[in-house]
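# Remarks on the overall topology
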Amino acid sequence: MTAPGPDHPASPAGLPRLGNIDTAVHAGFAVLLVASTVRYVMRHPPADNVLVLCLAAAASLLYAGVAVLARRGLPGPAWMAALVAVWAVLVIAAPSFAWCSFALFFLCRAAISGVAAYIAAGIIAVATAAGLFRLSGGTDLAMLLGPLAVGVMLTLIHDRIRNDAEEQRRLHAEVSTAQGQLAASERRAGTIAERERVSREIHDTVTQGLASSLLLLEAAGRTWPAPAAHADLRQATSLLRDNLAETRSLVHDLASPGLEGSPLPEALLTAARRYRPDARLLVTGEPRPVAADIRHTLLRVVQSAASNVRLHASATTATVTLGFLPDAVTLDVYDDGAGFDPTAAAPPSDAGGYGLRAMRQRVEQLGGTFSVESAPGEGTIVAAQLPAGPSAGSTEESPA
């Protein structure tokens, strides 16, 4: 048996639980103990049996106690020490019981750990070797060296199995930790994505509507009580009512009330005319059903672009062009206003600037492309192209 080694941080159940290996070891011990007892009794006179049978009975009782403690995960060094002491005397006095040493070795490694386990296993191997060497009359070195060599091999094999099991447990714990971190990261990413989505919905509906209503009210205040002021007030009131409906829809399902059930061209024209009453719509290609998410994105792009035309462009005309290609749907929103330099656009801030970014995010999240063509004094074209995705059960028609 190997000399005592460093204390390992293994639990008392050092032997890995591989199916019913404990039951097999205990059953093997019982069978070998009975066979060894019968063999000894048959080969020795009754006068020599009393002490050996008492030792065998004591060893079996101690074995059962240690096995129960090991199974319950309770420390049993004192019980194990008593078992090893009794067994050492028994196997030296009656080498017929040497075969039981295998089961005793595994029980030892399962019940205690560290230096104590190595010492106990070493005593078992030495006692077994001494008993067999005594049985050979002190002439057969194989009987002396055999148990020691087997003890060393069993110790190395057991340590390798235990170390592999500990490594497997460590890797499993790392994988579980990584999976937990990944799940938390996915939850955080989902929360961020949902915040982005809600912010785009609010910008494309509530914010744009309030900004347009504010412009109308300011214009009405400057021209009051001229007839144009009354018209601005009526339009502002209409926008605010629509805004209230949009806000209520956001609270529920972030839907587009009044627009989702109508044909796509009609819905786009209605959305544009909320901000530009003189907006025009052109449809190219053969209208056909589109997926709900594509429809929703087109509506939001038109709303945001038309609001930008009203707020910033000072345009006289605004035209929305909806195109149906074989494998895509295109949308262009054109105005002949002041235009701007897209590369010099201010980044989003508390004062605004979220519109173009929100439109681009919406389109690109669906695998589409988004672009803005503009120059100072030359108007602006907001263009989007989305992959065609027919939605079952929906129909699209061009307005009459």
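Here's a quick rundown of the structure. (Residues numbered from 1 in each chain as written. Predicted model: local features only at pLDDT ≥ 70, side-chain atom pairs only at ≥ 80, totals over all residues. Heavy atoms only, no water.)

This paragraph deals with the packing of aromatic side chains. All chains considered together, the criterion is met by four aromatic pairs. Their ring planes at 45 degrees and their centres at 6.4 Å tell us that Tyr40 and Phe97 sit as a pair that is tilted. Of this pair, Tyr40 sits in helix α1 (residues 21-43) while Phe97 sits in the loop between α3 (77-93) and α4 (101-111), and the two are 57 residues apart along the sequence. What makes Phe97 buried here is its relative accessible area of 0%. With 6.4 Å between their ring centres and 25 degrees between their planes, Trp99 and Phe102 make a pair best called stacked. Three or more aromatic residues link up through ring pairs in this structure, and these residues are Phe29, Tyr63 and Trp87. (Phe/Tyr/Trp six-rings, centres within 6.5 Å; stacked < 30°, edge-to-face > 60°. Helix = DSSP H or I, 4+ residues; strand = E, 2+ residues; numbered from the N terminus. Buried < 20%, exposed > 50% of the residue type's maximum accessible area, 1.4 Å probe, protein only.)

Where strand β1 (residues 280-284) lies against strand β2 (residues 318-324), five bridges are found, and the strand directions are parallel. In the sheet register, Val283 faces β2, and the bridge partner there is Leu322. (Pairing = 2+ DSSP bridges.)

Right, let's get into the packing of helix α9 (residues 292-313) against helix α10 (residues 355-365). It is the contact of α9 with α10, at a shortest axis distance of 10 Å, that shows an interaxial angle of 165 degrees. Classed by the angle they form, the pair α9 and α10 counts as roughly antiparallel. Like other packed secondary-structure pairs, α9 and α10 cross with a definite hand, here left-handed. Residues His296, Thr297, Arg300, Val301, Ser304, Ala305 and Asn308 of α9 form the contact with α10, whose participating residues are Gly355, Met359, Arg362 and Val363. The residue makeup of the contact of α9 with α10, split by class, is four nonpolar, five polar and two charged. (Axes fitted to C-alpha atoms, helices over the stretch in contact; angles between N-to-C directions. Parallel < 35°, antiparallel > 145°, perpendicular 65-115°, else oblique. Left-handed = near helix turned anticlockwise from the far one by under 90°. Contact = heavy atoms within 4.5 Å. Nonpolar A, V, L, I, M, F, W, Y, C, P; charged D, E, K, R; others polar.)

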